[in-house]
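The primary structure of each chain is shown beneath.
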Amino acid sequence: MSQGEPNSSPAQFDVFVTYQSILQNEEISTPLAAILTLTQLIEKSSAGTMFELVQALNDGAEILKQRTPNPISLNAGCELFIAFVTLFPHDSDSFSDLKTELVKQGRNYATEALTYRDKIAALALGFIEDDSVILTHSYSRVVMKTLLRAHERKRISVYVTEARPRGLGLRTYDELTAVGIPCTVVLDSAVSYVMDKVDLVLVGSEAVVESGGLINAVGSNQIAIIAKAANKPFYALAESYKFHRLFPLSQYDLPTHNPNVLSFPPASVSTSLPTKGAVIGSGLQKITPAEGSRSMTQEQVARNPNVDYTRPDLISLVFSDVGSLTPEGVSQYLVGMFAG
Amino acid sequence: MKSVFQNVTVNGEASGSQQPPKSQKTMTKAERRELQEKQRAAKAVSKTPGAPGGAANAKGGAKPSVPAPSTPTAKKVRRGTDAAMTKPAGAGKDVLSIVGEDTARGLRIFSHFGLPKPPGQAKGDIHPTIVRLGLQFSEFKISGANARCIATLTAFKTVIQDYVTPPNNTLSRHLMTHLSPQITYLVSARPMSVTMGNAIRQLKLEISGSDIDLPEQDAKDALCRKIDNYIRDRIIIADQVIQETAGKKIKDGNVIMTYARSSVVEKVLLRAHAEGKQFSVIVVDSRPMLEGKKLLAVLSSVGIPCTYLLLPAVGSIITEVSIVLVGAHSLHSNGAVFSRAGTALVAMMAKQHSVPVVVCCETYKFSDNVQLDSFIKNELAPEGDLFSSFPLTRPKNTLTLHGQANLEILNPLYDLTPPTSITAVVTEVGVIPPSSISSIPLALGRTTI
């Protein structure tokens with residue numbers, strides 16, 4: 001547990017810089033970092049009334065959102081904290097006492113939240129049988145904790161997807177093989193090929209939404225659909241601060257979707273043919289032995305989404321620090337948490 | 001089964017020749033049936049060549065009922081006199097309307113559906129506002145869950161203000177007994193909607209909770225204020241929140257499909273348009289009520305590009321739709337939505353084509369019970385074309401079906417959309433999945449709806 005110090009001058013509190021420095025700590029995920037940043041904001045704030053304070057918090061959250069490319073989990077943390085502040089019973093006479101109390105609560109929450117991953121790992125352990133083959137996607141800290149925990153007592157082997165374009169699956173591979181868990185990286189396109197060998201699918205999350213659906217790195221939806229078709233359980237692991245009141249109706253209703261994603265480039269006669277005999281237009285490519293495979297250009301990658309939405313009917317269970325929830329139960333929990 | 005037949009034969013027997021019941025029992029089932037048929041045929045012959053009468057009478061006889069011995073004879077007499085007055089071959093409106101009444105009462109299936117009829121004699125002390133309201137309900141001048149509830153509550157305000165507590169009684173105890181016959185009268189005009197039920201339940205709670213020590217006028221004013229607050233908080237303001245929330249789901253370039261006419265959806269679309277969003281609307285409509293025409297008129301008058309089609313054509317246009325917005329009559333705890341007949345078809349079709357279905361519903365429309373199908377509780381639309389106020393190219397009575405000898409008209413008003421076809425429900429407490437209806441009271445901070 002570490003807290004980043006604002007490295008700007010004490011007179012000026014830069015929200016974004018604080019946020020970045022808190023994120024340096026590997027253990028802290030974006031919603032927690034947001035909560036800690038906002039806690040610091042309260043500390044440094046000169047607001048005299050609750051209204052001003054909430055206003056300042058909202059402004060701070062807005063700045064963070066604008067400067068982050070994928071604000072979904074950030075939003076989740078900010079909204080949770082601002083709701084907490086608004087609903088906090090303020091019967092203390094002095095406003096600065098209240099502020100101190102809020103800051104203390106914020107920090108306590110963050111400290112406790114760091115134990116959530118262990119709780120989730122303990123919960124999920126009961127669903128992993130000895131000698132299971134597990135499929136996971138990309139890199140997730142909570143899934144890592146669960147797999148390491150499971151490895152202590154049971155034999156497991158893991159398939160992990162490559163998770164292009166960022167290739168975070170390779171990081172999972174490195175960490176798992178370092179502790180001796182048998183692991184293989186599979187291509188994103190080979191998930192259906194491998195699905196029949198798998199016993200269960202475990203993924204982490206960016207956010208769990210009101211409908212009970214999951215927002216996670218792009219590719220999760222595909223894996224969920226294939227798991228459903230092959231009748232394998234699909235489990236999502238999410239800490240409770242990742243629960244968000246968003247309700248996407250479809251992939252294109254996500255806040256991360258913009259007109260640039262999946263757009264077609266402006267038509268132009270391309271003069272830059274690859275030099276090794278590949279023929280464009282007929283779709284044939286001759287791969288010369290020395291060359292190897294091609295990969296997408298930066299511009300092409302930019303037209304692709306970073307996260308996708310998995311529908312609740314594809315998810316078997318959501319494991320969280322509040323317990324194991326069905327997707328329907330997520331909404332009930334959310335309503336209870338944000339209600340008056 | 002056997003007892004039913006026995007009843008039948010008793011009826012037939014009563015209006016036919018007098019036979020000792022003993023011989024009935026000694027006959028076999030087939031023989032009893034034969035006797036029944038003979039008696040029916042005999043009746044038919046004894047009338048004018050108005051064959052519908054015979055068929056209807058047989059149906060009337062088929063129903064096991066206590067006053068049955070008198071009704072077949074009564075009907076026979078009445079029809080006899082009417083027939084004498086009209087032309088024998090005439091399909092005069094009088095005969096037809098009487099026949100229509102009798103044949104409707106003779107529905108074999110779904111006879112438990114409420115058929116709207118003009119409310120009978122006002123028994124007891126019915127306030128004139130309530131009489132007026134009952135008439136408006138039965139003629140479908142006021143229709144729609146929200147409209148009916150607001151009209152009922154407004155009428156009750158008048159009733160409360162005109163009410164005088166009798167001596168030796170308290171307002172909180174007696175007012176409810178005063179209101180009960182009024183409510184019964186309204187129900188006789190048209191079965192109560194879930195919205196009216198919830199509102200009246202809340203009103204009863206307020207009345208029984210009103211302070212005994214308050215002077216009468218103050219108590220009445222307090223009640224009227226509470227009614228106003230209820231309308232304001234749970235309908236008007238709820239609608240505004242829903243407009244905003246649902247409006248966020250509408251993006252530029254969307255094609256929105258809606259069904260019939262929901263007051264909430266109308267408001268959502270008007271507001272989104274006022275905010276400058278560019279979208280087009282497909283209004284799906286169905287007979288006999290054809291409520292979509294009014295919605296079409298309202299939307300196109302503000303400049304929203306609209307398409308109008310009838311329900312059977314939904315399949316050909318569903319691939320063009322981005323989102324389906326519908327309203328609801330009521331929402332049940334298993335997540336099913338009870339709405340205008342036809343909504344379920346639109347929702348299921350949309351689900352098949354991966355089009356999100358969004359139901360806009362205020363929380364006061366929630367009903368604690370679980371409803372699994374459309375026919376446990378439903379209503380019939382009245383015969384005849386009450387609904388269209390638009391000029392027609394053909395006369396009204398050529399466009400509508402009338403009950404005939406072998407034809408029953410069945411027009412249920414509502415149907416049930418299963419929760420699996422619904423993507424989201426937009427309420428004033430937020431967007432929720434249909435399976436989480438039970439968490440709504442928690443969100444409102446109370447233990448019941």
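Residues numbered from 1 in each chain as written. Chains lettered and ligands numbered in written order. Predicted model: local features only at pLDDT ≥ 70, side-chain atom pairs only at ≥ 80, totals over all residues. Heavy atoms only, no water.

Visitor: So what about the overall build of chain A? Which residues, and what values?
Guide: For chain A, the count of helices and strands is 12 helices and 10 strands. The proportion of buried residues among the 340 residues of chain A is 46%. Across chain A, every contact between residues at least 6 apart in sequence was considered, and the portion connecting residues at least 24 apart equals 75%. Accessible surface for chain A amounts to roughly 16,900 Å². Of this, 53% is attributable to carbon and sulfur atoms. (Helix = DSSP H or I, 4+ residues; strand = E, 2+ residues; numbered from the N terminus. Buried < 20%, exposed > 50% of the residue type's maximum accessible area, 1.4 Å probe, protein only. Contact = heavy atoms within 4.5 Å. Areas by Shrake-Rupley, 256 points an atom, 1.4 Å probe, with all protein chains shown as cover.)

Visitor: With reference to specific residues and values, describe the domain arrangement of chain A.
Guide: All names here are of chain A. According to the domain assignment, chain A contains domain 1 (15–113) and domain 2 (116–249 + 305–338). A straight line from the C-alpha centre of domain 1 to that of domain 2 covers 28 Å. Each partner contributes residues to the interface: domain 1 has 18 residues there, and domain 2 has 19 residues. Our count for the domain 1 to domain 2 interface comes out at 3 salt bridges. Inspection of the domain 1/domain 2 interface yields 6 residue pairs in polar contact (both at pLDDT 80 or more). For the side of domain 1 that touches domain 2, the elements supplying multiple residues, two or more each, are helix H2 (30–44), helix H4 (72–87) and helix H5 (95–113). Broken down by element, the side of domain 1 that touches domain 2 gets its largest block of residues, 8 residues, from H4. Tallied by class, the residues present in the side of domain 1 that touches domain 2 amount to 9 nonpolar, 5 polar and 4 charged. (Domains from an automatic or database assignment. Salt bridge = Lys/Arg side-chain N within 4 Å of Asp/Glu carboxyl O. Polar contact = N/O pair within 3.5 Å; in protein donor to acceptor, adjacent residues only side chain to side chain. Nonpolar A, V, L, I, M, F, W, Y, C, P; charged D, E, K, R; others polar.)

Visitor: Describe in detail H2(A), supporting the description with residues and values.
Guide: All names here are of chain A. Between its terminal C-alpha atoms H2 stretches 21 Å, which fits the 21 Å expected from 15 residues at 1.5 Å a residue. Counting buried positions along H2 gives 12 out of 15 residues, so the element sits mostly inside the fold. Each element contacted by the buried residues of H2 is listed here: helix H1 (15–23), helix H3 (50–67), H4 and H5. (Expected span 1.5 Å × (residues − 1).)

Visitor: Run through the interface of chain B and chain A, naming residues and quoting values.
Guide: Taken residue by residue, the interface counts 17 residues in chain B and 13 residues in chain A. Here chain B meets chain A over a buried area of about 1,200 Å², counting both sides, of which 62% is carbon and sulfur. Looking at the side of chain B facing chain A, the largest losses of area belong to Lys249(B), Val431(B) and Pro433(B), adding up to 30% of the total buried there. The interface formed by chain B and chain A includes 2 salt bridges. Asp253(A) is the partner of Lys251(B) in a salt bridge, and the nearest nitrogen-oxygen pair spans 2.5 Å. (Buried area = accessible area lost by both parts, 1.4 Å probe.)

Visitor: Account for the nonpolar core, naming residues and giving values.
Guide: Formed by 62 residues in total, the largest nonpolar core has its most connected members in Val85(A), Leu135(A), Val201(A) and Phe234(A). Broken down by element, this core gets its largest block of residues, 8 residues, from H2(A). Viewed by domain, this core spans two of them, domain 1 (15–113) and domain 2 (116–249 + 305–338) of chain A, each represented by three or more residues. Residues Leu153(B), Ala155(B), Leu179(B) and Ile183(B) belong to the second largest nonpolar core, which totals 33 residues. (Core = buried A, V, L, I, M, F, W, Y, C linked by side-chain atoms within 4.5 Å.)

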